[in-house]
Every structure is written in C-alpha cells, then in structure tokens.
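Descriptive analysis of the structure
Each chain, written out:
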Amino acid sequence: MMSQRRFGFLVVMMAIACSLLIALPAVAESNVRIVHLSYIDGDAQINQGNQDQDFTHAVLNMPVTAGMWLYTPNGGRAEVQFENGSTVRMANDAELQFERLALADSGGKINTIRVDHGIVYLNFDKVSNDDRITVNVGGKSFRITKSARLRVNADEKTATVAMFHGDAMFDGEIPLELKSNQTVSLDASATGSLKVAKGAEKIGSDSWNKDRDNDLSLLASRSTQNPAFNGYNAQFSSLGAYGNFYSLAGYGNVWQPFGMMPGWDPFSNGVWGLYPGMGYAFISPYPWGWAPYRYGQWNYQPANGWFWAPGSNFNTFNVGPSVGAVPAGWRAPMQPTVSGGTKPARLLVVGNPPNVHPAILTGHAVVGARPDTHPVAAGMHIQGSV
C-alpha cells in the first residue's frame, strides 16, 4: 500500500518541460532526466533558474533540473552525476548553469552547460552517437561528440579549456577541433582564430578530480550489481559499500544500509526541497541516499527492520516517500503544499538530517540575491558519493 502519493517523475518533468523546453523543429525532446548532486565538500548553493534571485544552500542528492545554477563559494567543491556515471565537478568558487537537460526522441541525452566562472571538470566517459553535449564559456561554444575529459578555468572575461583526453569542436567563424593534450585560450572580446597551445598545465584541484575518480571506482568495486539495473548501474554503484543486498522471500533482491540502530526509519531524517512547477521533493542526504529514495519502495518487517526493494522500473522517479509494508501506526512525513499568496520555503527539514549545511538546520537556507560568502562552520565538511 502507499502511505502517501507517489509521483512519477516522468509526468512531473514533462509538466516542467511545458515552461522550460525550447522546442526544436527536427527533434522531439522531453525534460525527463535523472541527474543529481552527488558530492558536496564545504558549501554549495543552488538557484532554480534566475541568477539574480536568491541562492539557497544545496543538499546532497538533490535532483538537478534544467535551468538550475550551482555555485561553490568559500572554496567549496561539488559534483553532479549524470545517468551513465559521467560527472561535472566544480572547485575554487565555481559557478555554472545547466541550461538544458533534455532527452531526444532517439534516447540521446542533450546537455548544455554554461560555465560562468571558476574551475570546472567535465568527465564524459560515455557519449553515444545520439548525445548532444554543448558547453558555453568565455563567449564561445564547443561541442563534445565522444568520450572526453577536460578542465575549464574561467573568469569574467577570459577562459582556458584544457583537454586531457578526447576532443571538442569549437563553433564560430573559424571552427577549431581541440584535441588531447591541448589547451585553448578564450577571450570574449577577441575575434578571429583561437589560440591553441600544446599540453595541459597541472593545477592543484586536478589531484582532487583524480581522487574523486578513485573514490567512485573503489565504491563500484565493492558493489554487488543487480542484473535488473541494466544501464542504470552508475546510480547504484555505491550501495554495496554502504549496505548489503540479499534475497528476501516475497520481495526478491533487497538492500539494507549498514549500522542503522533499532527504531531507525528511512524517512525520519531528510529535507523537502521545493522545485518550481512540481512542488516539494523529499531529499535524503545520507551518502547512499540517492537511488533508494528515487526508485523502488521501502518496506518493513519486524524480524528485518526497514529494507529497500529496488524493483525493476527505473523510468519513473519517486518524489515523495514510496513505501509498502510499514510498522503499525507509522506515518510517512507529509509532503508540504504550496499555497497561493505566500512565499514558500525553499527547504524544509525533517528530523535531524546528516551531511547538511548548518544554516539549513537553523532555518536559514536562503543565502541572498547573489552568491555570497556564507562560511561553513569551522571544520565542517559535507560530503557524499553517488
């Protein structure tokens, strides 16, 4: 049974598409995408589409939607993961916008990313022939048409793009193909050909980008993959490190997190995040809190406690708590409603969630009309993986 309405993300995102989607005459698209904020170290802030409006402290495992801005002040770092495990990572006060996150009728992913400033790593290890990946930076635009790893370093007027592996095609009056081990310098005010140099200078955050690759590889190596996951394995790759899969009569292959005390339930701690046009989505900031809250169903048995049954349908997206068998008298947290005439809260806390910025816990999640420096408490690190 369902203790609360379950919203299919497919329907929700198609509704959002009505206001956000820019239709192309030759290709039918939808905004049905499953992209999320997979890592935060320090502070990360989001804005739902207008850079001049209030930014809000971000929450680990937030869904990332078309139009969203992401900012990492005070030396914060963040990572966004796509469906196939490709990542965008941000360091050194970076700011970017996911201008488009769409799905073509061919199944190809359409990603348009605008880098405003800072250091951004684009790690697209799996690019299909139907994918369209575009990056706008420094007054220029380039396309990634096959697997590539590169770094963008931008300020208000200039930028450099260092290609570690792969290639990218720059558009303009004089097109340029940037190849492996090359760097191009961009200047929004300059015209003519682009300046290309051999090599890619190493900088301090490169080691962090590599460390994140190693962390994800280690988590994946500890994971027992479920054949039912098929092409969605990247979204489940950390679960083997944080819990245990086992077979349970009547449910099939289920998963349980390690170390949860008696009385724990999966919805006692979390955050409701407001998404324009869709309402509030329940976000779990546990390091493993992405897939078990977006797919499948949580269930309870007195002998086993709470466990997650992933099911086999990964084309829909749970917005609120999805549960089956529950303890007697248990109630899921109610999804907040948005009423007319009042300005709704961007984030609403449930219980005492882990891995969130201290300001969120005190009800001060909104930062300001422009990204600012709202220091994280001394020694505070907010981290997560996948």
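Throughout what follows, the structure given in this document is the object of discussion. (Residues numbered from 1 in each chain as written. Predicted model: local features only at pLDDT ≥ 70, side-chain atom pairs only at ≥ 80, totals over all residues. Heavy atoms only, no water.)

Next up on the list: the packing of aromatic side chains. If you walk through the whole model with that rule in mind, you get 25 aromatic pairs. Taking the centre distance of 6.4 Å and the plane angle of 50° together, the rings of F267 and W330 count as tilted. Of this pair, F267 sits in the loop between β18 (252–257) and β19 (270–275) while W330 is found in the loop between β22 (305–309) and β23 (347–350), placing the two residues 63 residues apart along the sequence. Residue classification places W330 among the buried residues on the basis of a relative accessible area of 12%. (Phe/Tyr/Trp six-rings, centres within 6.5 Å; stacked < 30°, edge-to-face > 60°. Helix = DSSP H or I, 4+ residues; strand = E, 2+ residues; numbered from the N terminus. Buried < 20%, exposed > 50% of the residue type's maximum accessible area, 1.4 Å probe, protein only.)

On to the nonpolar core. Within soluble globular proteins, side chains that are nonpolar tend to cluster in buried spots. Formed by 57 residues in total, the largest nonpolar core has its most connected members in L122, F142 and V161. Take this core: its biggest share by element is 6 residues, from strand β7 (residues 87–104). Apart from the residues within four sequence positions on either side, F142 is in contact with L122, I133, T134, V135, V137, L150, V152, V161, A168, M169 and F170. (Core = buried A, V, L, I, M, F, W, Y, C linked by side-chain atoms within 4.5 Å. Contact = heavy atoms within 4.5 Å.)

What follows covers unusual backbone geometry. The phi torsion at N61 lies on the positive side, around 75°, for a residue other than glycine. By the element assignment, N61 lies in the loop between β4 (55–57) and β5 (69–71). Taking the relative accessible area as the measure of exposure, N61 reaches 0% and is therefore buried. One non-glycine residue, N74, lies in positive phi territory at about 55°. Counting through the fold element by element, N74 comes out in the loop between β5 and β6 (77–81). N74 sits in the partly exposed class, given a relative accessible area of 38%.

The subject of this paragraph is helix α2 (residues 205–221). Helix length check: α2, at 17 residues, gives a terminal C-alpha distance of 25 Å against a target of 24 Å (1.5 Å per residue), a fit within 8%. S205, D206, W208, N209, R212, D213, L216 and L219 are the residues of α2 that are buried. (Expected span 1.5 Å × (residues − 1).)

Quick look at the pattern of salt bridges now. All told, the structure shown has 12 salt bridges when counted by the stated rule. Linking E79 and R212 is a salt bridge whose minimum nitrogen-to-oxygen distance equals 3.1 Å. Here E79 is found in strand β6, whereas its partner R212 is found in helix α2, with 133 residues between them in sequence. For R212, a relative accessible area of 2% corresponds to the buried category. Across the pair R114 and D116 runs a salt bridge, and its minimum N-O distance is 3.9 Å. What makes D116 partly exposed here is its relative accessible area of 23%. Three or more residues are tied together by salt bridges with common partners; here these are E79, R89, D125, R149, R212, D213 and D215. (Salt bridge = Lys/Arg side-chain N within 4 Å of Asp/Glu carboxyl O.)

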